[in-house]
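Commentary on secondary and tertiary structure
Letter by letter, the chains look like this.
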Amino acid sequence: MRFQNLSEKLNESQVGAKAFHLSRMIQLGVSVPEGFVVATQGKPPNVNSMDAFKTELLKRASEIRSDRLMIRSSAVGEDSGDASFAGQLDSFSVNNTPDEILQGFFRCLESLNGKRAEVYGQKSGRKLDRMGVIVQRMISPDYAGVLFTRSPLNPKEALLEFVDGHAEKLVSGQVTPVSVSFTWGQVPKGLPFDPTSLFEQAQKIQENSTSPQDIEWTVVNQKASLVQARPITSILEDRNWSNTNVNENYPDRLTPFLASLARESYYHYFKNLAIQLGGYDSILETELRSIIGTWGWKMYYNMTSIHQILAQSPFAGLFRKSFDDFVGYTKDSPSIGVRLQGIRKKLGFALNLLFQFVRLPARVAWIEKEVQAHSQAVDQARDLKSLSKAYHQFLNLRFNEWHRASFADLFAMITHGILGKICSMADPQKASGLQNQLIQSIPGLVSNQPIFEIHRLASLIQEDQGAGSTFVGDAENAISWMHENPESEITQAFERYLLNWGFRCSGELTLTTPNYIDDPRLLVQVLQSYLKSSPRDPESLFLKKSREQKDILQKTREKLGFPWATILSLTVQATAYSISCRERVRLKQAQMYHSAKRILKALGQKLATQGKLEKVDDIFFLEYPEVSRIFSGEELDSSLVQALVQSRRKSFDQAKPAPDEFSTRLGEFKNDPIPSLTKPSTTLTADGNLHGLSACGGIVEGTIRVLESIHEIPRIQKGDILVTKQTDPGWICAFPVISGLIVERGGMLSHGAIVAREFGIPAVVAVDQATSILKDGSKVRLDAYQGRIECLN
């Protein structure tokens, strides 16, 4: 058996969680009664070493300056995050005399194999087999109690319970404690003692923990000491859900195939990224598995899980704020324990990030090469064997290799967040607008190319009188004309656009939404809108905004002076490059999903021909592992498969929409309508204006055009202000026509925000209920500098 002082750094697997937590508390500077722990194997020492053991035990106990001692259990597995074993093992208060110390020690050790611990272990699925025994100075407190850093009754509050004297009266239920709920930062009034030192120490513990804490404490002469801290193992915890930003990738309902694919993809995306950064911990598995969810077959972020994962980073505060800005999440969430780490770990993490940033070009190039190779493999796939190979290549890319692409997201988020802090130094009042201006007109941004190409194609059509008259009429006539004129420059440019950008369309990841390749008439409709409105030349607009960006950067550098001017320039370059890389991998993601759609449709066609599916698109109502089973040749009952598809189709067709943001509680089912976290008037201010986040500055007055789909683009007139729920890459075709943009969802790095900045279109995002409050055809004044929309009629 090994003796160690609680002030030493202890190994939890040897001395148990309770002793480990006490040691950790002392390392944090928390006041803990002095004492030591004895690491045992769950049984007394053998006969040969018993005398020596007793001598050492009594010697150490005599060094504790107290007439009374506490002898406490600290079994390995006790006070863990999934089972506390509270009250199942015995502790004893004894006089500091040899007989009572020895008797208390061995009785405590014997409780490891007691009936209470055995029954609790059976129910919790945990068994204790090793144990540390703690010997501590016993305090005779004025007050004692428990502090829950997050209340089991209300997760947005903390809960304090206490009694006069020893806490044993509270634990045993002998008396009803005084209970006080409070919010961190506000000291409750009317307490018989000053809780300041208690709260300060409790916050230290919470800040260095990954879950809410149950803290036992005492107060003597207004001084608080903590005697135990453990994770709260049973708490009805709110889970905050939001479809912000995720709507950009998945604007429509997800079929069962896509829902199962997305759930697994996000799990691997975050897990592999954490592994690469050296921040993965098995305790995060639950959160990683619940990063996304579906309601009404639409996808939502579990913001609680994401914030919990981000809390493990040495730069948790920056990461959380950057992520929320990244996706446009503006709601308050309960505070989550942040694992604070020392300067060495922070430095190591920062150096690893720098190393990963240097590798970013190679990672992005690898993704581009592999996705292109996969697309070519799908082009050549003719039989089930080659389709199966291409399908599983797609799954491998999406699950196991996409962490390479995830670094583009990560660095776009981080550099954008750092740039925001520097802009706050340069101009605290207009930091957001300055930040947007400094990252407008990014050279070589792949997202701009489709706009440039469509404008060139529209110009070609305008220059050809015969083709121009054909394109003005029915889209089918334009398609027929191109079939009849395959050598025409217009036809060849149209075909090139379909080849290079045809999969880049609204709903490009949903698999079931037709893109321009599936239905070229949709592209003709976009061209018709250009021909009708004669939009501004996007390339000229880009060059103009590029010159403006350079002027603003130079003025900001002069304002900051050395060394911040240099740091600003480097940060702007890093942010622009990261965003550019992010847009490149998003393009390849769209291409990869288009290839996956082709594979699934080919398989669906074969199964429908064989009578195993009723319709070709029934294949989208199977989950991705079920499709793998079909490809593997596993025996499947076609009648059962069809029944499964019909059941899922019925659920899909009858699904009711959920609010954009809401909360649920662990272990509860939501069969009734889910209460929204937002109210219809959330963005309305006292003066009747709407507010959101400025994505690109500018002031413009115009006519509101509320669109649900990009396929309604023919309704847009030149100079209209577009209002929609979210924008994905398919919406960029409308940007040269509009004079302003208002979006319900999305963040500063959403696709719409990025492209709006490229062309200087005043844009405001995260405007709750915008499509409901703003009426089609009404007039507004959009002040995107302030994120304000004023209704003019």
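In case you missed it, the structure is sitting above this.
Anyway, here's the lowdown on the structure attached to this text. Values in this document were obtained by computation on a predicted structure and should not be read as measured data.

1. Focus: the packing of helix 20 (residues 475-484) against helix 21 (residues 489-501)
Interhelical geometry of helix 20 versus helix 21 gives an angle of 110° and a closest axis separation of 9 Å. By the angle between their axes, helix 20 is roughly perpendicular relative to helix 21. In this structure, helix 20 contributes Ile479, Trp481 and Met482 to the contact, and helix 21 contributes Ile490, Thr491 and Phe494. Class assignment for the residues of the contact of helix 20 with helix 21 results in five nonpolar, one polar and no charged.

2. Some remarks on empty space enclosed by the protein
Empty space among the atoms becomes visible once a probe the size of a water molecule is rolled across them. The final tally for this structure, using the stated rule, is five cavities of 30 Å³ or more. Here the largest cavity is characterised by a volume of approximately 670 Å³. Lining the largest cavity are 36 residues, with Tyr269, Phe270, Leu273, Phe323 and Asp409 positioned closest to its centre. Of the residues forming the lining of the largest cavity, the biggest block, six residues, is contributed by helix 9 (residues 256-276). Its residues assigned to classes, the lining of the largest cavity shows 23 nonpolar, eight polar and five charged.

3. Re the environment of Gln528
In this fold, Gln528 is placed in helix 22 (residues 521-533). Taking the C-alpha atoms as reference, Gln528 lies 9.3 Å from Ile713; in sequence the two are 185 residues apart. Every residue in contact with Gln528, bar those within four places of it in the chain, is listed here: Phe471, Val472, Gly473, Asp474 and Ala475.

4. A closer look at the sheet that holds strand 19 (residues 740-743)
Strand order across the open sheet formed by eight strands is 15-22-21-17-18-19-20-16, with mixed pairing between neighbours. Where the open sheet ends on each side, the last strands, each with one partner, are strand 15 (690-691) and strand 16 (693-696). Sheet topology note: the strand 17 (residues 699-706)/strand 21 (residues 779-783) ladder contains five bridges and is antiparallel. Each bridged residue has a counterpart across the sheet, and for Ile699 the counterpart in strand 21 is Asp783. Taken strand by strand, helix 27 (residues 751-758) contacts strand 16, strand 19 and strand 20 (763-765), and its axis lies near 50° from that of strand 16.

5. Here we look at the side chain of Lys271
Note that Lys271 resides in helix 9. On the accessibility criterion, Lys271 (19% relative accessible area) is buried. Setting aside anything within four residues of it in sequence, one finds Lys271 in contact with Tyr280, Glu285 and Leu288.

6. Comments concerning the pairing of strand 6 (residues 143-148)
By the criterion of burial, strand 6 is predominantly enclosed, with six of the six residues buried. The side-chain alternation of strand 6 yields two buried faces, one formed by Tyr143, Gly145 and Leu147 and the other by Ala144, Val146 and Phe148. Of the pairings in the sheet, the one linking strand 6 to strand 7 (residues 158-164) comprises six bridges and is antiparallel in character. When the sheet's bridge partners are listed, Gly145 is paired in strand 7 with Phe162.

7. Here's the deal with a nonpolar patch on the surface
A cluster of nonpolar side chains, namely Leu347, Leu351, Leu354 and Val358, defines an oily patch on the protein surface of about 410 Å² accessible area. Following the sequence through the fold, Val358 ends up in helix 13 (residues 343-358). For Val358, a relative accessible area of 61% corresponds to the exposed category.

8. A look at the packing of aromatic side chains
A full pass over the atoms with the stated rule returns 33 aromatic pairs. Arranged with centres 6.1 Å apart and planes meeting at 90°, the rings of Trp295 and Tyr300 form a pair that is edge-to-face. Using a relative accessible area of 19% as the deciding quantity, one classes Trp295 as buried. A centroid spacing of 5.4 Å and a plane angle of 85° characterise the contact between Phe621 and Phe652, whose relative ring orientation is edge-to-face. Of this pair, Phe621 sits in the loop between helix 24 (564-609) and helix 25 (624-632) while Phe652 sits in helix 26 (residues 638-654), and the two are 31 residues apart along the sequence. As far as burial versus exposure is concerned, Phe621 and Phe652 are alike and both buried. By way of ring pairs, the aromatic residues Phe3, Phe36, Phe53, Phe105 and Phe106 are connected into one cluster. For Arg253, the ring lying beneath its charged end belongs to Phe652, and the centroid distance is 4.1 Å. The positively charged end of Arg404 is found above the aromatic ring belonging to Trp366, 3.9 Å away from the centroid.

What counts and how
- Residues numbered from 1 in each chain as written.
- Predicted model: local features only at pLDDT ≥ 70, side-chain atom pairs only at ≥ 80, totals over all residues.
- Heavy atoms only, no water.
- Axes fitted to C-alpha atoms, helices over the stretch in contact; angles between N-to-C directions.
- Helix = DSSP H or I, 4+ residues; strand = E, 2+ residues; numbered from the N terminus.
- Parallel < 35°, antiparallel > 145°, perpendicular 65-115°, else oblique.
- Contact = heavy atoms within 4.5 Å.
- Nonpolar A, V, L, I, M, F, W, Y, C, P; charged D, E, K, R; others polar.
- 1 Å grid on protein atoms, 1.4 Å probe; cavity = no way out; pocket = protein on both sides within 12 Å on 5 of 7 lines; lining within 4 Å.
- Points joined across faces, edges and corners; volume = space filled by probe spheres on them.
- Pairing = 2+ DSSP bridges.
- Buried < 20%, exposed > 50% of the residue type's maximum accessible area, 1.4 Å probe, protein only.
- Patch = residues over 30% accessible without salt bridge, like charges linked within 9 Å, V, L, I, M, F, W, Y side chains within 5 Å.
- Areas by Shrake-Rupley, 256 points an atom, 1.4 Å probe, with all protein chains shown as cover.
- Salt bridge = Lys/Arg side-chain N within 4 Å of Asp/Glu carboxyl O.
- Phe/Tyr/Trp six-rings, centres within 6.5 Å; stacked < 30°, edge-to-face > 60°.
- Lys NZ or Arg CZ within 6 Å of the ring centre and 35° of its normal.

Remember that the coordinates give geometry; whether it matters functionally is a separate question.
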